[in-house]
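The primary structure of each chain is shown beneath.
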Amino acid sequence: TQLLEQSPQFLSIQEGENLTVYCNSSSVFSSLQWYRQEPGEGPVLLVTVVTGGEVKKLKRLTFQFGDARKDSSLHITAAQPGDTGLYLCAGGESWGKLQFGAGTQVVVTP
Amino acid sequence: GAVVSQHPSRVICKSGTSVKIECRSLDFQATTMFWYRQFPKQSLMLMATSNEGSKATYEQGVEKDKFLINHASLTLSTLTVTSAHPEDSSFYICSARYIHSYEQYFGPGTRLTVT
């Protein structure tokens, strides 16, 4: 099983600040997905990156896949309280399985 | 698009009974569905991979006789927790995947409490 390390585990910031979450592995993944999960709900897919070096933007969220397809980052600009949640990265393995990172709990206070 | 439902959303059962959880892909055909378990403040742990019309593949350490999975159609998979015990109490989440797709789309989860 390929391991995905996510950092930091917890992030508390004020509204308007920027934040970055990292997802690292020593192994290559065929794809990498980012999800956000709120308490008592299932994860919601934010983005999928497939190509090394790929950058995708979703409003104030910027996702980057490393050139070697072993790491990824999620950057949020001008965070808002609605961005609060558990952010999970997941690497695509064989048979369509996903290997999840431990998650980063983000709290944005007004 | 890509909506996945789960039923029930929460269930309380007595120790020794069995509970069935349904996972449906509402607007697409899912050749593969996955079942996860999540403990409080932790990430998702894959329990098994379910392919339509064939036996599920269980992850190491997951008892296949305790967690029965059936994937009878391209839109429905079920997880039955047999002879439930309090330690089986958890948040169970399913996901569904299009054929040849990278993404998995998740259901809203089922909170199981065994008393």
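Above: the structure in question.
How each quantity is defined
- Residues numbered from 1 in each chain as written.
- Chains lettered and ligands numbered in written order.
- Predicted model: local features only at pLDDT ≥ 70, side-chain atom pairs only at ≥ 80, totals over all residues.
- Heavy atoms only, no water.
- Helix = DSSP H or I, 4+ residues; strand = E, 2+ residues; numbered from the N terminus.
- Rg over C-alpha atoms; globule rule 2.2 N^0.38 Å.
- Buried < 20%, exposed > 50% of the residue type's maximum accessible area, 1.4 Å probe, protein only.
- Pairing = 2+ DSSP bridges.
- Axes fitted to C-alpha atoms, helices over the stretch in contact; angles between N-to-C directions.
- Contact = heavy atoms within 4.5 Å.
- Buried area = accessible area lost by both parts, 1.4 Å probe.
- Salt bridge = Lys/Arg side-chain N within 4 Å of Asp/Glu carboxyl O.
- Polar contact = N/O pair within 3.5 Å; in protein donor to acceptor, adjacent residues only side chain to side chain.
- Disulfide = S-S within 2.5 Å.

Trainee: Any details on the overall build of chain B? Residues and values, ideally.
Mentor: On a plain count of helices and strands, chain B comes out with 0 helices and 11 strands. Order of helices (α) and strands (β) in chain B, N terminus to C terminus: β-β-β-β-β-β-β-β-β-β-β. Here chain B has a C-alpha radius of gyration of 13 Å; the compact-globule value for 115 residues is 13 Å, and the two agree. With respect to the principal axes defined by its C-alpha atoms, chain B has extents near 40 × 25 × 20 Å. Looking at chain B as a whole, 51% of its 115 residues are labelled buried.

Trainee: Residues and numbers for the sheet that holds strand 7 (residues 67-73) of chain B, please.
Mentor: Residue and element names in this part refer to chain B. Strand order in the open sheet formed by 4 strands is 1-3-8-7, with antiparallel pairing between adjacent strands. Lying at the two open borders of the sheet, with one neighbouring strand each, are strand 1 (4-7) and strand 7. This sheet shows a mean twist of 15° between the axes of neighbouring strands, independent of strand direction.

Trainee: Before we move on, can you summarise the interface of chain A and chain B with the specific residues and values?
Mentor: Counting from both sides, the interface comprises 21 residues of chain A and, opposite them, 19 residues of chain B. At the boundary of chain A with chain B, total buried surface from both sides reaches about 1,500 Å², with 58% on carbon and sulfur atoms. Among the residues chain A hides against chain B, the three largest losses belong to Pro43(A), Lys97(A) and Phe100(A). Together they make up 27% of the total. Between Glu59(B) and Lys97(A) there is a salt bridge, with its nearest N and O atoms 3.0 Å apart. For the pair chain A and chain B, the interface holds 7 residue pairs in polar contact (both at pLDDT 80 or more). Those elements that provide at least two residues to the side of chain A that touches chain B are strand 4 (32-37), strand 5 (44-49), strand 9 (85-92) and strand 10 (98-100) of chain A. Ranked by residues supplied to the side of chain A that touches chain B, first place goes to strand 4 of chain A with 3 residues.

Trainee: If you had to explain the pairing of strand 6 (residues 55-58) of chain A to someone new, which residues and values would you point to?
Mentor: Pairing of strand 6 of chain A with strand 7 (residues 61-65) of chain A involves 4 bridges; the strand directions are antiparallel. Along strand 7 of chain A, the bridge assignment pairs Lys57(A) with Thr62(A).

Trainee: Which residues make up unusual backbone geometry, and what values go with them?
Mentor: At the junction of Ser7(A) and Pro8(A), the peptide bond is cis and its omega measures out at -10° in the coordinates. With respect to the element layout, Pro8(A) can be found in the loop between strand 1 (5-7) and strand 2 (10-14). Positive phi, close to 50°, is recorded for Ala78(A), a residue that is not glycine. Its location among the elements puts Ala78(A) in the loop between strand 8 (71-76) and strand 9. A positive phi angle, near 45°, is found at Ser83(B), a position not held by glycine. In this fold, Ser83(B) is placed in the loop between strand 8 (76-81) and strand 9 (90-97).

Trainee: Any details on the state of the cysteines? Residues and values, ideally.
Mentor: For the structure shown, the criterion picks out 2 disulfides over all chains. Here Cys23(A) connects covalently by a disulfide to Cys89(A), the sulfurs 2.0 Å from one another. Torsion about the S-S bond of the Cys23(A) and Cys89(A) cystine: about 75°, corresponding to right-handed handedness. With Cys23(A) in strand 3 (residues 19-24) and Cys89(A) in strand 9, the pair connects residues that are 66 residues apart, well separated along the chain. Between the sulfur of Cys23(B) and that of Cys94(B) lies a disulfide, 2.0 Å long from S to S. An S-S torsion of about 80° defines the bridge between Cys23(B) and Cys94(B) as right-handed.

Trainee: Report on the environment of Val19(B), specifying residues and quantitative values.
Mentor: Residues and elements named next belong to chain B. Position of Val-19 relative to the elements: it lies in strand 3 (residues 19-25). By relative accessible area, Val-19 is classed as buried at 7%. In this structure, the C-alpha to C-alpha distance between Val-19 and Leu-68, residues 49 residues apart in sequence, is 10 Å. Residue contacts for Val-19: discarding those within four places in its chain leaves Val-11, Cys-13, Leu-79, Thr-80, Val-81 and Leu-112.

Trainee: Break down the pairing of strand 9 of chain B for me, citing the residues and quoting the values.
Mentor: Within a regular strand, side chains alternate between the sheet's two faces. All names here are of chain B. The buried fraction of strand 9 amounts to 8 of the 8 residues, a majority that puts the element mostly inside the structure. Side chains Ser-90, Tyr-92, Cys-94 and Ala-96 project from strand 9 onto one buried face, and the interleaved Phe-91, Ile-93, Ser-95 and Arg-97 project onto a second face that is buried too. Relative to strand 9, strand 4 (residues 32-38) runs antiparallel, the two sharing 7 bridges. By the bridge assignment for strand 9, Met-33 is matched with Ala-96. Across 3 bridges, the pairing between strand 9 and strand 11 (residues 110-114) is antiparallel. Bridged to Phe-91 within strand 11 is Arg-111.

In short, the description is geometric, and any link to function would need to be established separately.
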